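Given next are the chains, with one letter for each unit.
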Amino acid sequence: MDGKPLARIGAIVFVAVAITATVLELTREPEPQSGIVSAPASAGASNDDPARRELRRCQRLGEAATRDANCLAAWSENRQRFLGIEPER
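Now for a look at the structure at hand. Remember, it's a predicted structure, so these values are computed and weren't measured experimentally. (Residues numbered from 1 in each chain as written. Predicted model: local features only at pLDDT ≥ 70, side-chain atom pairs only at ≥ 80, totals over all residues. Heavy atoms only, no water.)

### Re the pattern of salt bridges
Within the structure shown, the criterion is met by 4 salt bridges. Across the salt bridge formed by E25 and R28, the nearest N and O atoms sit 3.5 Å from each other. The salt bridge partner of R57 is D68, with a shortest N-O separation of 3.4 Å. Of this pair, R57 sits in helix 2 (residues 50–61) while D68 sits in the loop between helix 2 and helix 3 (69–83), placing them 11 residues apart in sequence. (Salt bridge = Lys/Arg side-chain N within 4 Å of Asp/Glu carboxyl O. Helix = DSSP H or I, 4+ residues; strand = E, 2+ residues; numbered from the N terminus.)

And the structure:
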């Protein structure tokens with residue numbers, strides 16, 4: 001048997017398997033959650049943190065926050081805290 005027909009048969013089988021797997025995945029019922037409930041990022045004690053509130057305010061400002069001195073300071077402090085850099089004194 002020549003290699004060309006064998007390669008075509010292999011390609012056809014591969015495409016058929018790929019299509020079958022796709023159809024099976026798309027028709028599968030979603031699995032129910034196992035009782036795990038994720039809390040929203042803005043809920044809880046994080047709202048009590050003044051730095052977090054300032055960062056949220058800056059987020060709502062959008063592009064205008066790049067010209068707000070308080071936002072620039074909050075971002076700087078957050079970067080330093082995230083990177084573990086001690087503030088210069």
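### What to know about the packing of helix 2 against helix 3
Between helix 2 and helix 3, the shortest axis-to-axis distance is 10 Å and the interhelical angle comes to 125°. Taken together, helix 2 and helix 3 sit at an angle that is classed as oblique. Of the two elements, helix 2 crosses helix 3, and the hand of that crossing is left-handed. Between helix 2 and helix 3, the contacting residues are A51, E54, L55, R57, C58 and L61 on the first element and N70, C71, A74, W75, E77, N78 and R81 on the second. Class assignment for the residues of the contact of helix 2 with helix 3 results in 7 nonpolar, 2 polar and 4 charged. (Axes fitted to C-alpha atoms, helices over the stretch in contact; angles between N-to-C directions. Parallel < 35°, antiparallel > 145°, perpendicular 65-115°, else oblique. Left-handed = near helix turned anticlockwise from the far one by under 90°. Contact = heavy atoms within 4.5 Å. Nonpolar A, V, L, I, M, F, W, Y, C, P; charged D, E, K, R; others polar.)

### Description of helix 3
Between its first and last C-alpha atoms helix 3 spans 21 Å; for 15 residues at 1.5 Å apiece the expected length is 21 Å, and the two agree. In this structure D68 caps helix 3, since a side-chain oxygen of it lies 2.8 Å from the backbone nitrogen of N70. Following helix 3 by one or two positions, G84 has its phi on the positive side, about 75°. (Expected span 1.5 Å × (residues − 1). Polar contact = N/O pair within 3.5 Å; in protein donor to acceptor, adjacent residues only side chain to side chain.)

### Notes on the environment of A73
Looking at the secondary structure, you find A73 in helix 3. Here the alpha-carbon distance between A73 and L55, two residues 18 residues apart in the chain, equals 10.0 Å.

Geometric descriptors of this kind do not, in isolation, establish any biological role.
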